[in-house]
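These are the residues of each chain, in order.
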Amino acid sequence: LFRAPAFEEGLYFFDYDPGRPPLELSLPASTSTAEEIYKALVLGVQDYCRKNSFSKIVIGLSGGIDSALVAALAVDALGADAVTGVTMPGPFSSPGSWKDSELLAKKLGIELRVHSIRDKYKMLLNSYRSQKRKQGKPVLPENTVTLAMENLQARIRGLELMFISNDENRLVLTTGNKSELAMGYCTLYGDMAGGLAVIGDVYKTDVYKLCEYRNRGGEVIPKNILLKAPSAELRPDQKDEDSLPKYEILDQILFFYIEKNKSAEEIAQTLKSKMTKQKISEIIRRVDQNEYKRRQSCPGVKLSPMMFGRDRRFPLTNKF
């Protein structure tokens, strides 16, 4: 008989007389999944900020799809004047990433700052190498990039954002999605540093759907961001799929394991020939091994029945 609009605050009056035939009412149209998720995220950001006395936001813009979506959500929640984007090119950032961030900021109407991390990264790296030489420890060749060096870049960026947060009283929105959090494809005290994980309960494949929904009335998130291969750009020619399965397959496995609590064997049977039971077991093991990272992540907007940190908790130390 009556349906209120989804994820919009309002006060509605409805009179029902059981002695009369039901009235023919014009109901708001049912929303699509993407629209519902998008509206829920906007409301979540809006409520969290306003009810916790945050009026300004800062976001690290990488030129990738995750940070683009978070920036769009922030603008729709609080307005463009409240949002500042910071792009932090490093030694392996592509020129296109900076240009994509610049175009995104222009389309959203937000302030964009450029804080290069190249000099800071080089200074710290040279300092560590110098210390190793003094201690008589081996030093890797200049063109070598280790995991520690990748994480150093992410942590410098986190440092930049947290300084702005403290200096200007801005809430840092992290940009990691549920697929990355599940697999530990994130850096503690780096890209995980912040106050609210806006899309921490959104799988990577759904991130694309949400961006397409946001662009339905005209391109806001640049097409090039949607088309480029996902990459952290922490080493030369790096792509997410160098260390992760294709997101189309990965997200299905994660959904069945996290949301449905299915075993590797059950998931293999469901997906048939898409991936072997052994590979699925490896993914499940990796999800469980990275619980320690998720325990240290910031709170997020709950969308699913099984949100990390709220509904799904796994023992950090176990032997089962």
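One structure accompanies this document, and this report is about it. Note that the structure is a prediction, hence the values are computed from the model and not measured.

### Points about the overall build of the protein
(1) Moving on: Secondary structure summary: the protein contains 12 helices and 5 strands in total.
(2) Moving on: For the protein, whose C-alpha radius of gyration is 22 Å, the value lies close to the compact-globule estimate of 20 Å for 320 residues.
(3) Moving on: A principal-axis box enclosing the C-alpha atoms of the protein has dimensions of 90 × 50 × 35 Å.
(4) Moving on: Put simply, the protein has 320 residues, and 45% of those count as buried.
(5) Moving on: Of the contacts made within the protein by residues no fewer than 6 positions apart, 74% connect residues no fewer than 24 positions apart.
(6) Moving on: Only carbon and sulfur atoms are counted for the fraction: they give 52% of the accessible area of the protein, which is about 17,600 Å².
(7) Moving on: Here the protein carries 47 positive and 40 negative side-chain charges, and the mean point of each set is 6 Å from the other.

### A look at the nonpolar core
(1) Moving on: The biggest cluster of nonpolar side chains holds 40 residues, and the ones touching the most others in it are Leu41, Ile57, Ile59, Leu173, Val198 and Ile199.
(2) Moving on: Of all the elements in the fold, those that place two or more residues in this core are helix H1 (33–51), strand E1 (57–60), helix H2 (65–78), helix H3 (95–108), strand E4 (171–174) and helix H7 (204–214).
(3) Moving on: Top element by residues in this core is H2. It accounts for 11 residues.
(4) Moving on: Look past the residues within four positions of Ile59 in its chain and what remains in contact with it is Ser67, Val70, Ala71, Ala74, Val83, Thr84, Gly85, Val86, Leu161, Leu173 and Thr175.
(5) Moving on: Membership of the second largest hydrophobic core comes to 27 residues, among which are Leu181, Leu244, Ala264 and Phe308.

### A look at the sheet that holds strand E2 (residues 83–87)
(1) Moving on: With parallel pairing, the 5 strands of this open sheet are ordered in space as E3-E2-E1-E4-E5. Bordering the open sheet on either side are strand E3 (111–114) and strand E5 (196–197), each of which pairs with just one other strand.
(2) Moving on: In the sheet, E2 pairs with E3 via 4 bridges, with the strands oriented parallel. Across the sheet, the residue bridging to Thr84 is Glu111, located in E3.
(3) Moving on: The strands touched by H2 are E1, E2 and E4; relative to E1, the strand with the most contacts, the crossing angle is about 165 degrees.

### Side note on helix H9 (residues 247–259)
(1) Moving on: Counting buried positions along H9 yields 10 of 13 residues, so the element is predominantly enclosed.
(2) Moving on: Of all the positions in H9, only Tyr247, Ile249, Leu250, Asp251, Ile253, Leu254, Phe256, Tyr257, Ile258 and Glu259 are classed as buried.
(3) Moving on: Each element contacted by the buried residues of H9 is listed here: helix H6 (178–183), H7, helix H10 (264–271) and helix H11 (277–289).
(4) Moving on: The first or second residue beyond H9 is Asn261, which carries a positive phi of 60 degrees.

### A few points about unusual backbone geometry
(1) Moving on: In this structure, Phe7 takes a positive phi of about 55 degrees despite not being glycine.
(2) Moving on: With a relative accessible area of 40%, Phe7 lands in the partly exposed category.
(3) Moving on: For Tyr189, which is not glycine, the phi torsion reads 65 degrees and is therefore positive.
(4) Moving on: Examined against the element boundaries, Tyr189 turns out to sit in the loop between H6 and E5.

### Some words on the packing of aromatic side chains
(1) Moving on: Taken as a whole and judged by the stated rule, the model has 2 aromatic pairs.
(2) Moving on: Both rings, one in Tyr38 and one in Tyr213, keep their centres 5.4 Å apart while their planes meet at 55 degrees; by these two values the pair is tilted. Here the residue Tyr38 occupies a position in helix H1, and Tyr213 occupies one in helix H7, the gap between them amounting to 175 residues.
(3) Moving on: Classification of Tyr213 as buried rests on a relative accessible area of 12%.
(4) Moving on: Note on Phe255 and Phe256: the rings are 5.7 Å apart at their centroids and 65 degrees apart in plane angle, and the pair reads as edge-to-face.
(5) Moving on: For Phe256, a relative accessible area of 18% corresponds to the buried category.

Rules behind the numbers
- Residues numbered from 1 in each chain as written.
- Predicted model: local features only at pLDDT ≥ 70, side-chain atom pairs only at ≥ 80, totals over all residues.
- Heavy atoms only, no water.
- Helix = DSSP H or I, 4+ residues; strand = E, 2+ residues; numbered from the N terminus.
- Rg over C-alpha atoms; globule rule 2.2 N^0.38 Å.
- Buried < 20%, exposed > 50% of the residue type's maximum accessible area, 1.4 Å probe, protein only.
- Contact = heavy atoms within 4.5 Å.
- Areas by Shrake-Rupley, 256 points an atom, 1.4 Å probe, with all protein chains shown as cover.
- Lys, Arg positive; Asp, Glu negative; His and termini not counted.
- Charge placed at Lys NZ, Arg CZ, Asp CG, Glu CD.
- Core = buried A, V, L, I, M, F, W, Y, C linked by side-chain atoms within 4.5 Å.
- Pairing = 2+ DSSP bridges.
- Axes fitted to C-alpha atoms, helices over the stretch in contact; angles between N-to-C directions.
- Phe/Tyr/Trp six-rings, centres within 6.5 Å; stacked < 30°, edge-to-face > 60°.

Interpretation in functional terms is not warranted from these geometric data alone.
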